[in-house]
Amino acid sequence: MNDKNNLLPSGLPRIESLEMRGIVKKFPGVLASDHVDFDVKAGEIHALLGENGAGKSTLMKILYGLYQPEEGEILLNGEPISINSPTDSLNYGIGMIHQHFMLVDNLTVAENVALGLKSSRGLRLDLDVVSARILELTEKYGLNVDPNAVISKLAVGERQRVEIVKALYRGAALLVLDEPTAVLTPQEVDDLFVIFKQMVADGHALIFISHKLHEIFALTDRVTVLRDGKAIGTVQTSDIDKEGLAAMMVGREVVLTRERPPVTVSEVRLKLENVDAFNDDGQQILKNLSMEIRSGEIVGIAGISGNGQRPLAEVVAGLQKISSGRVLMDGNDVTGFAPLQMINAGLSYIPEERMHDGVIKDFSVEENAILQDNVNAPFSNGIFLNFKVISDHARRLIQDFNIKTPSRETPIKNLSGGNIQKLILARELARDPRVLIAAQPTRGVDIGATEYIHAQLLKGRVEGLATILISEDLDEVMAMSDRIIVLFHGQIMGIVNSDEITAAELGLMMAGEQSESAFIE
Amino acid sequence: MKRQFFDRLIDALLPLFAILLAFAIGALFLLWQGVNPLEAYKAMIVGAFGNKNGLADTLVKAVPLMLVALGIAIAFRGGMINIGAEGQIIVGALFTSWVGLQLGGGLPGWFIIIIGLISGAFMGGIWGLIPGFLKAKLGVNEILSTIMMNQIAIQIGFFLLRGPMIDPAEVAAGTNIPQSARLERIADMPRFTDMAKWFGFTESAKNLGLEGFTKEIYGLFVDPTRFHSGFIFAVVMAVLVYILLWRTTIGYRIRAVGLNRHAARYAGMNVKQTMVMSMTLSGAFAGLAGAVEILGLHHRMFEPVAVSAGYGFAGIVAALFGKLHPLGIIPSSILFGGLLVGGDKMQRAMQIPQVLIVAILGLVVLFVVSTDYLVKKRQNRRVSVTDGDDDLAIVEKMKESLKEAGADEEVDA
């Protein structure tokens, strides 16, 4: 290996190997990292897989200098090092790409990259120097980023590339990628993976954190599974299958593929006719939207984040006014109904941002279980709450939906994401709704809870519930839905049968291309 | 488990440490002024709690503090900040005395008292409803509007007391002091000793030969002081507010909207209506404080700012110190009443400038409020360990508070 081969395209030395040995990190009452061994080499993508709270982020924060481990050591190219701060970490050549973009929207790419770095000219900006270096990097890595572009004008995929440039600019030889695909279209994911693969071919080391199993298989060389703070095992990705990985994550066999038993759909429960809606800034967020949801079917709404999914849900929930068109529920005109009226008409809504819109964090589990129904019998006589009934109700939900909580009185913020989502689902289904809107019902939820939530949605389907499933996870949409409606810029790009379409075709429609087979009706 | 208990204990004791710390810093000021801090603080504590008259004054001051603090707590629980209790006290006191003066002529005293209390609550409620409505409908910041409402109340008070409501005797005597006539004596809320008599406390403490501290306590029941039945009324109100907030659907909605108005809206609650309601209730309790001050203590309306006497602001601190919990507000109001009375006594006993007393009380407030923040932070740290996501949680919190700040404009239900 000659000298040239030891340098990365960015001109910096590579990290031949990084090893974490016997890492222990304790928090009061929790062993977040329990003698974990993990390593990554130059030219390899090593996946870190585990459910929420399994210890992935703790481990990566130790690597990034945000936490100090109680025990264990970190070896860089065989030499023990200590990382006391993110600055240390950067100096060793370790960079991070976070799940959420850490970019300032109204600054340019160059300004974002320069942010927090010392200028080479003291107090004066050196953006031209930064831009030149960015151009050099993007050329070498084929990243195609304009240093003068303002972030807010960039597409999501481009922003992700800016994050990579930022890390490279700071001298990252090893990159930690924390769920980098969460907000990308399938095509953008493919493009990104090409970049990642080129980077490892050039000698970078990558750590890839994801819970999307198919991505792990598409991209990584090795995978380490964490569970309850322990490293369950490290395997060659080619030596294992999805079911095997899922079982390692959860600790038991998991049903990944769901059978949708045939159901005869019946009457139209919800109907939208030529709905237009505008947001507060006067932008049109829904354009001439028409759809029907029938009893006994799950209709998936596919689309890239921000293409009208949320306005659609909120129009139906009565939270968003429409400027023209009609909304019908069970044949009755419910256009312009207030949220309470829609709830009383039989609508249940699992909102996308569950901590923000779905529950009140400081309320107890039982208080959260009656958010809609607190005024109604039997939970109150209109004035005084009936705590016995409320407790019984909560107890039943906890039992029926297998919600793990220390007690009914526990503030809901102390529950895990999956259990909070189960409570919301339980609350909404217990109301015996006519129509259910489930927005991102399994996002950030562990595999066990996802499995359970899916089963409940399918159970509702068999019982005749009309469900709208909004999800950015294409696998979920395709597996769960009978029909799929693709939204783009607030418009319907197509309504397709889920059995007759491929992810690639859906991806094209999500990107705004209308295919011939787009409308089945 | 042990650790948890210890953590809780520290949380519970932190406010007391805060007070001690504030006193310690206050001691430096006192030393600088050449006053022995130990003697000064002794004068303060003895003055507030150590004898019958001091204790009576403390409890008298605790009454408006308690009522105001209850109102503040309701507003806070509903996600609203009511800085307008001063004005609400004033309009409550004004309306109570006006109604009381109109209702002479043979009506039973208890009837005038009840109508007087309702009047005060009503007018205070209106003074809370207006900023609540402005906030809900137009997004007007309630902190600003309630402060403005304070000024309006003060000026209306002066206007009425110099003109329509002035005591005819003042005009006749030519002194023209801006105050109303005295309400009829039958409309005085009973003094505590009068009530004690109903239960058979008749002998004066001296005659009973009681000594020491117990004598002072017992003296409250038998020897005439300013201590009046408004205290019992306020304590009953505290219990009622507790029931309102934690046992009724109205309280449930107020708390839901206060903690997360988005989730409340998604759940079909009428967020705007609830915001207006919590501000109205909040104002009503401050108005009630004004009414009780008139009916129980002053028996006439005079200079508005002297009637409200800063209770509208001190009540906020009492509410925070009582953890915004109606039952916590009872002791915290007594404590703050004691601080006010004790500060006064200390000033007189030690010849300390008034501003120094204000500074020391200010220190107490500052430290107590900071403790609250500290306790919350400690709790959050304990909660968020499961994911090891401390810093993320903090970022989320910051984002949320930013959103909340921006959300003022987008309360659209």
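It should be emphasised that the depicted structure is a prediction, and the values quoted were computed from it without experimental measurement.

## Side note on the domain arrangement of chain A
All names here are of chain A. As assigned here, chain A comprises domain 1 (4-101 + 172-250), domain 2 (255-346 + 433-521) and domain 3 (361-431). Between the C-alpha centres of domain 1 and domain 2 there is a distance of 35 Å. Between domain 1 and domain 2, the buried area comes to about 1100 Å², and carbon and sulfur atoms account for 64% of it. The interface formed by domain 1 and domain 2 includes zero salt bridges.

## Topic: the interface of chain A and chain B
Between chain A and chain B, the contact holds 41 residues from the first and 31 residues from the second. Summing both partners gives a buried area of about 3100 Å² for chain A against chain B, and 56% of it is carried by carbon and sulfur. Taken as a group, A:L319, A:H356 and A:F363 account for 17% of the area that chain A buries against chain B, more than any other trio of residues on that side. With its nearest N and O atoms 2.9 Å apart, the salt bridge here joins B:R255 to A:E367. The set of elements that each furnish at least two residues to the side of chain A that touches chain B consists of α1 (56-63), α9 (309-317), α10 (339-344) and α11 (354-358) of chain A. It is α11(A) that contributes the most residues to the side of chain A that touches chain B, four residues altogether. A per-class count over the side of chain A that touches chain B returns 22 nonpolar, eleven polar and eight charged.

## Looking at the sheet that holds strand β8 (residues 205-209) of chain A
All names here are of chain A. Strand order in this open sheet of six strands is β6-β7-β8-β3-β9-β10, and the pairing throughout is mixed. Each having just a single partner strand, β6 (94-97) and β10 (230-236) make up the two edges of the open sheet. Each strand axis lies, on average, 20° off the axis of its neighbour in the sheet, ignoring direction. Taken together, the four bridges between strand β3 (residues 44-49) and strand β9 (residues 222-227) define a ladder with parallel strand orientation. Counterpart to L48 in the pairing with β9 is T224.

So, how was this worked out
- Residues numbered from 1 in each chain as written.
- Chains lettered and ligands numbered in written order.
- Predicted model: local features only at pLDDT ≥ 70, side-chain atom pairs only at ≥ 80, totals over all residues.
- Heavy atoms only, no water.
- Domains from an automatic or database assignment.
- Buried area = accessible area lost by both parts, 1.4 Å probe.
- Salt bridge = Lys/Arg side-chain N within 4 Å of Asp/Glu carboxyl O.
- Contact = heavy atoms within 4.5 Å.
- Helix = DSSP H or I, 4+ residues; strand = E, 2+ residues; numbered from the N terminus.
- Nonpolar A, V, L, I, M, F, W, Y, C, P; charged D, E, K, R; others polar.
- Pairing = 2+ DSSP bridges.
- Axes fitted to C-alpha atoms, helices over the stretch in contact; angles between N-to-C directions.

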